[in-house]
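Report on the structure
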Amino acid sequence: MADASTDLALLESTATTELKDCADELSLRAWNTKYFGDKGEMNTALKALGTLPKDQRPAYGQAVNAVKQRLISAKDQKEAEIKEQALLASLSANPIDVTLPGRAVSAGNLHVATKVMREIYSIFADMGFQIFRSREVEDDQTNFELLNMPPHHPARDMWDTFHTTTPGVLLRTHTSPGQIHVMKQFAPNPVRAVLPGMCYRHEAVSTRSEIQFEQVEGLVLGPNVTMADLKGTITAFARRLFGQERQVRIRSSYFPFTEPSIEVDIDWPKEDPNADRLTKGTGWLEIMGAGMVHPTVLRNGGYDPDQISGFAFGMGPQRITMLKYAIDDIRQFWKNDLRFLRQF
Ligand code: PHE
């Protein structure tokens with residue numbers, strides 16, 4: 001027993017001294033293996049238990065455990081010190097200037113066309129309209145025929161069309177074919193929907209026209225829907241978008257799929273230096289075509305024109321955006337010029 005406990009005391013003091021000399025993680029790890037590895041000194045000390053007389057074993061076992069606990073806590077402390085020193089060393093080797101301003105995360109922003117579209121949706125949503133998505137690649141039937149334009153009808157000249165190589169398949173020239181899709185889905189029930197989306201027309205590209213542009217179509221169907229409802233809806237819309245003072249003017253027009261057909265103008269503030277140019281001196285600016293849905297179109301969509309009437313309108317949000325933000329070239333919308341896009 002005397003031998004074993006002397007060895008134990010020696011073991012502890014050697015281990016403690018060696019631990020103090022450890023200067024880095026590497027030497028600490030070596031120390032750990034030497035004393036606490038499988039074949040380490042502590043295990044060897046524990047094995048000595050077997051050589052002792054039975055009555056001395058419990059006391060010796062407790063002594064070994066006590067040494068073990070002390071060495072482990074000394075080691076933990078040493079480890080923390082070494083880590084702290086390493087951190088301080090690396091901080092002073094690569095000093096951080098905490099007074100430098102941080103690097104700002106550059107946030108993107110929505111495309112101005114998206115913003116205005118969302119504004120339009122929310123105004124119509126407040127009036128109880130749902131949004132209905134419809135396809136951009138259409139068949140001739142839906143884009144023209146079911147909208148009351150048989151083949152070779154001269155009204156088709158209003159839309160110079162991109163045809164695909166598949167006969168009868170084309171890029172829609174307006175969102176009005178969406179009316180047919182809505183009607184087929186909801187007939188004979190009442191409907192209040194806006195149909196946004198891209199349209200395509202062959203045009204000489206200029207500051208005012210592009211071969212692709214968005215439209216927002218509107219369609220309201222129900223018993224006793226009248227022109228007064230159309231006028232009220234459009235006036236409410238225009239005032240929400242452009243200001244409560246706005247006046248709405250209606251002129252008669254022609255579309256094969258509405259009867260009667262109208263064009264809607266809003267007055268433009270005379271104070272605006274661009275007013276003359278925008279309104280061509282008239283003070284009025286066209287924002288959409290509209291009208292009462294033609295009975296033939298109602299029938300094509302599955303509605304009975306004696307029971308259900310309705311109105312439709314179609315506007316160009318890019319045009320509206322140009323007015324709202326004084327953008328002078330429609331081609332900016334699809335150019336992807338960040339200097340333009342970041343302004344909104
Ligand atoms: N589709 C027509 C156009 O593109 C606009 C319109 C829509 C007119 C709905 C009347 C009713 O010019």
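Residue numbering note: each chain is counted from 1, following its sequence as written. It should be noted that, the model being predicted, local features are given only for residues of pLDDT at least 70 and side-chain atom pairs only at 80 or more, the latter also being counted only at that level, while totals for whole chains, interfaces and linings use all residues. Water and hydrogen atoms play no part in the side-chain values, which are based on all heavy atoms of the structure.

Further remarks concern helix H7 (residues 177-186). Exposed residues in this analysis have more than 50% of their type's maximum accessible area, buried residues have under 20%, and partly exposed residues fall in between, with area computed by a 1.4 Å probe over protein chains only. Starting at the N terminus, helices and strands are each numbered in turn, a helix being any DSSP run of H or I of at least four residues and a strand any DSSP run of E of at least two. Within H7, seven of the ten residues are buried, which leaves the element mostly enclosed by the surrounding structure. Listed as buried for H7 are Pro177, Gly178, Gln179, Ile180, His181, Val182 and Met183.

On to the domain arrangement of the chain, then. Splitting the chain by domain gives domain 1 (2-93) and domain 2 (112-341). A separation of 84 Å is found between the C-alpha centroids of domain 1 and domain 2. For every domain, the bounds stem from an assignment made automatically or drawn from a database.

The biggest cluster of nonpolar side chains holds 33 residues, and the ones touching the most others in it are Phe124, Phe237, Ile266, Met288, Phe313 and Met315. Elements that contribute at least two residues to this core include exactly helix H5 (112-126), strand E5 (212-222), helix H8 (227-242), strand E7 (258-267), strand E8 (284-293), strand E9 (309-315) and helix H11 (317-325). Every residue pair with non-hydrogen atoms within 4.5 Å of one another is taken to be in contact. For Ile266, the residues in contact, after removing those within four places along its chain, are Ala238, Phe242, Arg246, Gln247, Val248, Gly283, Trp284, Leu285 and Ile287. With 24 residues, the next largest nonpolar core counts Phe132, Leu146, Ile180 and Leu195 among its residues. By convention a nonpolar core is built from buried Ala, Val, Leu, Ile, Met, Phe, Trp, Tyr and Cys residues, the set being connected through side-chain atoms within 4.5 Å.

A few words on the environment of Glu136. By the element assignment, Glu136 lies in the loop between strand E1 (130-131) and strand E2 (137-139). For Glu136, a relative accessible area of 34% translates into the label partly exposed. Residues Glu136 and Glu217, spaced 81 residues apart in sequence, show a C-alpha to C-alpha distance of 13 Å. Not counting residues up to four positions away in its chain, the partners in contact with Glu136 are Leu170, Leu171, Arg172, Met198 and Tyr200. A polar atom in the side chain of Glu136 sits 2.6 Å from the side chain of Tyr200. Polar contacts here mean pairs of N or O atoms no more than 3.5 Å apart (in protein, one a potential hydrogen donor and the other a potential acceptor; neighbouring residues in sequence count only if both atoms are side-chain atoms).

What follows concerns the site of the ligand. Lining the immediate surroundings of the ligand are 15 residues, of which His174, Ser176, Arg201, Gln215 and Glu217 lie closest. Within the side chain of His174, a nitrogen or oxygen atom sits 2.9 Å from a nitrogen atom of the ligand. Only E5, E8 and E9 provide two or more residues apiece to the shell around the ligand. The greatest single-element share of the shell around the ligand, amounting to three residues, is contributed by E9. When residue character is reported, Ala, Val, Leu, Ile, Met, Phe, Trp, Tyr, Cys and Pro are called nonpolar, Asp, Glu, Lys and Arg charged, and the others, Gly included, polar. For the shell around the ligand, the per-class residue count stands at six nonpolar, seven polar and two charged. Residues are labelled near a given molecule or strand when at least one of their non-hydrogen atoms is within 4 Å of it.

Next up on the list: the environment of Lys20. In this fold, Lys20 is placed in helix H1 (residues 2-21). Distance in space between the C-alpha atoms of Lys20 and Arg118 is 70 Å, their sequence separation being 98 residues.

The subject of this paragraph is a nonpolar patch on the surface. Residues Leu87, Leu88, Leu91, Ile96 and Val98 make up a contiguous nonpolar surface patch of roughly 530 Å² in combined accessible area. With respect to the helices and strands, the residue Leu91 is situated in helix H4 (residues 57-93). Exposure remark for Leu91: the relative accessible area of 40% places this residue in the partly exposed category. Grouping into patches uses exposed residues only, defined as over 30% relative accessible area, and leaves out salt-bridged ones; the cut-off is 9 Å for like charges and 5 Å for nonpolar side chains (Val, Leu, Ile, Met, Phe, Trp, Tyr). Per-residue and other accessible areas follow the Shrake-Rupley method at a 1.4 Å probe size, with only the shown protein chains counted as cover for residues. Think of a salt bridge as a Lys or Arg side-chain nitrogen and an Asp or Glu carboxyl oxygen that are within 4 Å of each other.

Classification of ring pairs uses Phe, Tyr and Trp, with its six-membered ring standing for Trp, and accepts pairs whose centres are within 6.5 Å; under 30 degrees between planes counts as stacked, over 60 as edge-to-face, and the remaining range as tilted. Enumeration according to the criterion identifies 15 aromatic pairs in this entry. Pairing Phe144 with Trp159 gives two aromatic rings, centres 6.4 Å apart and planes at 55 degrees, and the pair type is tilted. Separated by 15 residues along the polypeptide, Phe144 in the loop between helix H6 (140-143) and strand E3 (169-171) and Trp159 in the loop between H6 and E3 bring together distant segments of the chain. Each member of the pair Phe144 and Trp159 is classed as buried. By way of ring pairs, the aromatic residues Phe124, Phe129, Phe237, Phe311 and Phe313 are connected into one cluster.

Here, expected helix span is obtained from the residue count minus one, scaled by 1.5 Å. Between the first and last C-alpha of H5 there are 21 Å, a value that for 15 residues agrees with the 21 Å anticipated at 1.5 Å per step. Where H5 is concerned, the buried positions are Val112, Ala113, Val116, Met117, Ile120, Tyr121, Ile123 and Phe124. Phi for Gly128, located one or two positions after H5, is positive at around 90 degrees.

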